[in-house]
Amino acid sequence: MSETPVAPLSGPILSVAPFPATPPAGFVEHAFEQQWTVGRSRAAVWEWLCDPATFTDGQLRPFRVEFLTNASGQTGFSEDVYNAHVGPFMSFSGVLGTIVHERYRDLQYFYGSYAVSHGLFRPTRLQFWLVEGPDDSSTVLRLRLDSYVRRRAVGSWETLMGIFWKRFGRWCEKAIPNNWLR
């Protein structure tokens, strides 16, 4: 007697928040904020900030940044594009959220993203804002990195982030040509 094959069970693709709303036991919420005044136009800073080459070109192996095409066929810095920054002692995987041209960019990390160790630092969200600077030829670039941090390691995280992000504004300004000579 022949058995009728049974179709394998399959559930729906879930739509869940990338990260739990509250920190796991032993962790606290932490927000690292930094701001730079960049001597370039907002359009130029936005173009640099949203160019995948800014984060992929010149990467030292084994560090890598990847962008996966979204359902609309877009890649790079577009809403709903999956993004992964990986390397030794780090894995930041997430999805790009709201993007407002020349003003705001949001990257929400997935649960399981970590720096140094999953037991110490877990980034949850990276946001950038751009506003006009104090003069016509400058832009204020603001960053906020939200993380869950092991309570006893908050000071270390602050120090590490201060060192890591310190040169970001100078890196931006140096990478964008100064068009004052026309």
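> Honestly, the nonpolar core in this entry has me stumped. Any pointers?
Membership of the largest hydrophobic core comes to 35 residues, with the highest contact counts inside it found for Leu49, Leu126, Phe128, Leu141, Leu145, Trp165 and Phe168. Look past the residues within four positions of Leu49 in its chain and what remains in contact with it is Phe55, Phe77, Arg105, Phe128, Leu130, Leu141 and Phe168.

> How should the pattern of salt bridges be read in this particular structure?
Tallying each qualifying case throughout the model produces seven salt bridges. Across the pair Glu132 and Arg42 runs a salt bridge, and its minimum N-O distance is 3.5 Å. Separated by 90 residues along the polypeptide, Glu132 in strand E7 (residues 121-132) and Arg42 in helix H1 (residues 42-49) bring together distant segments of the chain. A salt bridge links Arg144 to Asp146; its shortest N-O distance comes to 2.8 Å. On the basis of relative accessible area, Asp146 is assigned to the buried category, the value being 14%. Look at the salt bridges and you will find they share partners, linking Glu33, Arg142, Arg144 and Asp146 into a network.

> Please clarify how helix H4 (residues 168-175) should be interpreted in this entry.
Owing to its 3.6 residues per turn, the α-helix aligns residues three or four sequence positions apart on the same side. Among all positions in H4, only Phe168, Gly169 and Cys172 are buried. For H4, the angular spread of buried residues about the axis comes to 100 degrees, placing them on one side. Away from the buried face of H4 by more than 90 degrees, exposed residues Arg170 and Lys174 are located. Structurally, H4 contributes buried residues whose contacts are with strand E1 (27-38), H1, helix H2 (52-56), E7, strand E8 (139-150) and helix H3 (154-165).

> Is there a simple way to think about the packing of aromatic side chains in this case?
How two aromatic rings sit relative to each other is set out by the distance from centre to centre and by the angle between their planes. Here the structure, examined in full by the defined rule, presents 18 aromatic pairs. Considering the side-chain rings of Phe19 and Tyr148, the 5.3 Å spacing of their centres and the 65 degrees angle between planes classify their relative orientation as edge-to-face. Placement of the pair is Phe19 in the segment before E1 and Tyr148 in strand E8, with a sequence separation of 129 residues. Exposure remark for Phe19: the relative accessible area of 10% places this residue in the buried category. Of the residues examined, Tyr148 reaches a relative accessible area of 5% and is grouped as buried. Arranged with centres 5.4 Å apart and planes meeting at 50 degrees, the rings of Trp36 and Phe168 form a pair that is tilted. Within this pair, whereas Trp36 is found in strand E1, its partner Phe168 is found in helix H4, the two being separated by 132 residues in sequence. The two residues Trp36 and Phe168 agree in class, both being buried.

Conventions we followed
Residues numbered from 1 in each chain as written. Predicted model: local features only at pLDDT ≥ 70, side-chain atom pairs only at ≥ 80, totals over all residues. Heavy atoms only, no water. Core = buried A, V, L, I, M, F, W, Y, C linked by side-chain atoms within 4.5 Å. Buried < 20%, exposed > 50% of the residue type's maximum accessible area, 1.4 Å probe, protein only. Contact = heavy atoms within 4.5 Å. Salt bridge = Lys/Arg side-chain N within 4 Å of Asp/Glu carboxyl O. Helix = DSSP H or I, 4+ residues; strand = E, 2+ residues; numbered from the N terminus. Arc of directions from axis to C-beta. Phe/Tyr/Trp six-rings, centres within 6.5 Å; stacked < 30°, edge-to-face > 60°.

By themselves, these observations are geometric and do not establish any function.
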